[in-house]
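An overview of the molecular structure
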Amino acid sequence: MINLSQRMVALGTAKSEIREAFAFAQARAAAVGPEQVDDFSIGNPSVPAPDTVKELVHQLMDTVDPVKLHGYTPAQGEASVRQALADDLNRRYGTGYTADHFYLTAGAAGALCCALSALGCPGDQFLTFAPYFPEYKVFVESAGAQLVAVPARLEDFQIDFAALEAALSPQVKGVIINSPNNPTGVVYSQETIRRLAQMLGEKSRAYGHPIWLISDEPYREIVYQTAPLPWVPDFYDNTLVCYSYSKSLSLPGQRIGYVLVPPQAEEADLVYAAICGAGRALGYVCAPSLFQLVVARCAGQTADMAVYRRNRDLFLDALRSMGYTCAQPEGAFYLFPRSLEPDAAAFCERARKYDLILVSGDSFGCPGHVRISYCVPTEQIQRALPKFRALAREYGV
Ligand code: PLP
């Protein structure tokens, strides 16, 4: 047998539960007809990118020299693009960022890999809060560090500060947060961010080194509450923001996002240099050049996401009225109700009898729950509700 990295073989062959559920749904749709199968497994935006994106792509193709349009850009991204993104954030948050604080990446995944690889040293730990995006473990381990999940506060999925304090130690290099959250849809309140910043500040001083806050924000623009989302670097200087246009502009296949290193961060220039180094070591070269120009010209715009709010309201009210328990999701496009039996995988299996495709919370480090991705046409939810009711009846709910 040829000698390969066993870690990579394992990563490439171990099935992701989300992908497996999605593949199962597709196979069932082929077998029994797509209208029979209600797939809530995957977080692929269901609304199209705004018309501006299409117009811009045409305009750029027609007017920009193709050698430039499709050529390499500087590794950190075109300077004018980075400045446009800085201007947009400065307008919205009253900040003072410049092009030099942005490093453009292939989506939030690329941003997280660069940020974690820049910070991670052997022996380091990164904390995150369960339930969490499963790829964090892959990204953190690829950066040579260890991911430790702080248990969830199950009633509302805000931070359990006693559990966080117990997990903090001098080995902790950073804490990854994701608000609005995948898989719960929960948004961290300003109070939560304030307390988090205070605790990380105190511990950083006690340990004599910064604990970085990595704010993974691909759902920043998908918010239902009226209270504004806290801008995390306003609360904590040593924040790295990882952003993506995958969800806000419905461009997940175009792979575009950024890491922002705010100038207030400790040794910000050095951290930025390490992020550039990480991008280089990971072979990213530069973010997609055409879509750098597109996002610069529609900074601050979003796809029409009204359907997500409609879906959330419809789904949440209906599930609660049937007896399901679900924390209040104020953003993103996921619900994370309690499974009707302790073994969420068994619950998902039972749901499949109705061709109802869900993902168990085990994949997200939070057993006893299921993730429902509602970035689907509203009619699919309407069609699926009787199935959820029948499923609940099986459990005598
Ligand atoms: N972080 C979270 C919480 C996500 O849900 C996702 C994708 O679903 C990502 C990061 C990666 O997103 P991107 O497509 O921008 O790489």
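Numbers given for residues are sequential positions, taken from 1 along each chain in its written order. In keeping with the model being predicted, local features are shown solely for residues with a pLDDT of at least 70 and side-chain atom pairs are shown and tallied solely at 80 or more, while totals for entire chains, interfaces and linings include all residues.

Definition in use: UniProt positions are given in the numbering used here, feature names are shortened, and annotations may be inferred rather than shown by experiment.
Per an unreviewed UniProt entry, the recorded name for the protein chain is Aminotransferase, and the organism is Evtepia gabavorous. According to the UniProt record, the Cofactor (unreviewed entry) comment for the protein chain is "pyridoxal 5'-phosphate". For the record of the protein chain, the UniProt heading Sequence similarities (unreviewed entry) holds the text "Belongs to the class-I pyridoxal-phosphate-dependent aminotransferase family."

1. Structural notes on the sheet that holds strand E8 (residues 257-260)
Worth spelling out the cut-off: A pair of strands is treated as paired once DSSP finds two or more bridges between them. Secondary structure elements follow DSSP: runs of H or I of four or more residues count as helices, runs of E of two or more count as strands, with numbering from the N terminus. As a rule, the C-alpha atoms of each element are fitted with a line to give its axis, helices using only the stretch in contact, and angles between N-to-C directions run from 0 to 180 degrees. Any residue pair is listed as a contact if its two C-beta atoms, each placed from the backbone, are within 7 Å.
In space, the 7 strands of this open sheet follow the order E2-E8-E7-E6-E5-E3-E4, with mixed pairing throughout. For this open sheet the edge positions go to strand E2 (102-105) and strand E4 (146-150), each flanked by a neighbour on one side alone. Across the sheet, the mean angle separating the axes of adjacent strands is 20 degrees when strand polarity is ignored. When strand E3 (residues 125-129) meets E4, the two strands line up parallel, connected through 5 bridges. Note on E4: the bridge partner recorded for Gln 125 is Gln 146. Against the sheet, helix H5 (residues 79-93) touches E2 and E8, its axis set at about 110 degrees to E2. Each of E3, E4 and strand E5 (172-177) is contacted by helix H7 (residues 135-142), which is oriented at about 145 degrees to E4, the strand it contacts most.

2. Observations concerning the sheet that holds strand E11 (residues 359-360)
Strand pairing in a sheet relies on backbone hydrogen bonds, with the paired strands running either antiparallel or parallel. Strand order in the open sheet formed by 3 strands is E9-E12-E11, with antiparallel pairing between adjacent strands. Either end of the sheet is taken by a strand with one partner, and the two such strands are strand E9 (334-335) and E11. When E9 meets strand E12 (residues 370-373), the two strands line up antiparallel, connected through 2 bridges. Directly across from Tyr 334, in E12, lies its bridge partner Ser 373.

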